Amino acid sequence: MKRLTVDELNLEGQPGAFAGTLMNSSADLVTRVCQGDSEAFRLVFERYSRPVISFIFDMVNDRGLAEELTQETFVRAYRAMRTMRKDTKLSTWLFGIARNVARESIRARVRANSHVHLADKSVMDLSDDKPVPVDGLLSKELNDLIRRSLAALDEDKRLVFTLKVLHQCSYEEIAAITGFSIAKLKTDLHRARAEMRRRISPYAGVGYEV
Amino acid sequence: MKSEDNLKLLEDYLEGDLDAEEELFARYDREIEISPAVWAGIEKRIVPIAQTSYPWMRIAAVILLAIGLGSVYLASRKENTTSTPNESDQTFARFTIPTPEKETRIKPNKRRIIPVPKRDNPGVLSSDLAYLDLDDQDTANHLEQTQNLLRSIRNVTVSDGDEEIDVTYDKALSQRLLNENVVLRRDAEMKAKFPTKTLLADLEPLLIDIANLPDHARPEDVRAIKERVNKTEIVAALIEYRDRGTNNR
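Residues numbered from 1 in each chain as written. Chains lettered and ligands numbered in written order. Predicted model: local features only at pLDDT ≥ 70, side-chain atom pairs only at ≥ 80, totals over all residues.

Visitor: Help me out: how do you make sense of the overall build of chain B in this one?
Guide: Counting its secondary structure elements, chain B contains eleven helices and two strands. Beginning at the N terminus, the succession of helices and strands in chain B can be written as α-α-α-α-α-α-α-β-α-α-β-α-α. Put simply, chain B has 249 residues, and 18% of those count as buried. When contacts within chain B are restricted to residue pairs at least 6 apart in sequence, long-range pairs at least 24 apart make up 66% of them. (Helix = DSSP H or I, 4+ residues; strand = E, 2+ residues; numbered from the N terminus. Buried ≥ 20, exposed ≤ 12 C-beta atoms within 10 Å, placed from the backbone. Contact = placed C-beta atoms within 7 Å.)

Visitor: Even after reading the chapter, I still don't get the interface of chain B and chain A, so can you show me in this structure?
Guide: By a widely used convention, the size of an interface equals the accessible area lost when the partners come together. At the interface, 39 residues of chain B touch 47 residues of chain A. If you list the elements that add at least two residues to the side of chain B that touches chain A, you get α1 (4-14), α2 (18-26), α3 (36-45), α4 (49-81), α9 (194-211) and α10 (219-232) of chain B. Here the side of chain B that touches chain A is built from residues that sort into 20 nonpolar, six polar and 13 charged. (Nonpolar A, V, L, I, M, F, W, Y, C, P; charged D, E, K, R; others polar.)

Visitor: Help me understand the nonpolar core in this model?
Guide: Looking at soluble globular proteins, one finds that nonpolar side chains tend to be buried together. Residues and elements named next belong to chain A. Grouped together as the largest cluster of nonpolar side chains are 55 residues, with contacts concentrated most on V44, I56, L94 and A98. Here the element with the most residues in this core is helix α3 (residues 38-60); it accounts for 13 residues. The residue makeup of this core includes at least three contributed by each of domain 1 (1-114) and domain 2 (132-198). Beyond its immediate sequence surroundings of up to four residues, L94 is in contact with Y48, V52, T73 and A77. (Core = buried A, V, L, I, M, F, W, Y, C linked by C-beta atoms within 7 Å. Domains from an automatic or database assignment.)

Visitor: Would you take a moment to explain the packing of helix α4 (residues 63-80) of chain A against α3(B) for this structure?
Guide: Geometry of a packed helix pair, given as the angle between the helix axes and the separation of the axes. Between α4(A) and α3(B), the least distance of the axes is 9 Å, while the angle of their chain directions is 35°. Crossing of α4(A) against α3(B): the hand is right-handed. Taking contact as the criterion, the partners of E67(A), T70(A), Q71(A), F74(A) and V75(A) in α4(A) are, on α3(B), V38(B), G41(B), I42(B) and R45(B). Its residues assigned to classes, the contact of α4(A) with α3(B) comprises four nonpolar, three polar and two charged. (Axes fitted to C-alpha atoms, helices over the stretch in contact; angles between N-to-C directions. Left-handed = near helix turned anticlockwise from the far one by under 90°.)

Visitor: Would you mind going over α9(B) with me for this structure?
Guide: Residues and elements named next belong to chain B. The terminal C-alpha atoms of α9 lie 25 Å apart, and with 18 residues this matches the ideal 26 Å at 1.5 Å per residue to within 8%. Along its length, α9 reaches its greatest deviation from straightness, about 25°, at E204, and the proline P205 lies no more than four positions downstream. Restricting attention to buried positions, one finds in α9 the residues T196, K197, T198, L199, L200, L203, L206, L207 and I210. (Expected span 1.5 Å × (residues − 1). Bend = angle between axes of the 7 residues up to and from the residue.)

Visitor: What am I meant to see in unusual backbone geometry here?
Guide: Trans is the common state for peptide bonds, and a negative phi is the common state for residues other than glycine. At N61(A), a residue that is not glycine, the phi angle is positive and equals roughly 55°. Although it is not a glycine, E233(B) adopts a positive phi angle of roughly 50°. Considering the arrangement of structural elements, one finds E233(B) in the loop between α10 and α11 (234-244). C-beta crowding within 10 Å serves as the criterion here: with 14 such atoms nearby, E233(B) is assigned to the partly exposed category.

Below you can see the structure in the form of structure tokens.
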């Protein structure tokens, strides 16, 4: 199954997202936002809010916080849109801001010594009242396992794994977002993949050797 | 609930099949919905750029320009006609708006000395004129030193034959700059100077990496930092920040 790219992903299932968006390239939207067109910024939000909030959620593993940080990301993006270089892809630029916002939040949490532990009941109970998944989606148990496994990766590995595997970004895009060298990205991705497989393997009832 | 389909996919994934990995994570559901409150919150916090601030800024700029030109014109007329104030000058003096020009205005019967305008030194990160308060000057000095450090790291010649590179000075400087950076970044955040804060936040990982190098670093470690300095174009960002001057804040 071919996955949708970041730009396509957000259009699917977004009420009203198709209205006007297909006629507006990202560059046009940026120009309009810089001219003070707040409607154009709403279209930017509709187009990119889903991938951005998903990415932030993958980084912070907290739904309420992900919403707050998404809000902060778009506010910062709006204020800084005039400084965006013309050759930069809007999605890459937004992910860069989202990454900074998420990183600041993670560091603030670590500093405040209020890091969310995987064993926290609040984390484990996050989606208890959700309906049983339909065909095509993973079981709730496996979903939770993936979420917990992602959260257990260290920050750099989680960042690279999320962007590459969950958001299908290219190495060049990830390097632009993170500022890491390609060699570091590949190393981190390799280690993150191995760690994810090791953590997920018990679900299938098999052992996994790294 | 473990469906056969999921299990097969999982087994393929665990065997290292990248297509299976792609499909498995495509099915991963974060169960996130974007509530309308998110956009409502954003809408409250943003102010349309062109429709509000810029027209005001343009009007203010035109008024300031008119006042400046008027002052210069009247001052030069006053000098050319007579050395004592005449009626029209007295009228002007009663209604003129105080400007910095006023301090340099000469008294009657004395020759006017036209001050040479102070110019920015292009080789310096910021001029004193550009940074009006102490915090800004601290930040400018900090960014200048950081820029010099990053340039020196970027310009290090690393060859494969090198066994180790002496970075004792750069390391010590980076440790000092890192401490400063943290303080200035928090300060910028408190004062809502977001471009400054973002720039300082971007500098921090690089300063941490340099500060954590051993005194005699391996060439590959130095090369990795050099590549990151180049890749992130952080020096260009520092120069751009400097060029934007007080508009940032």
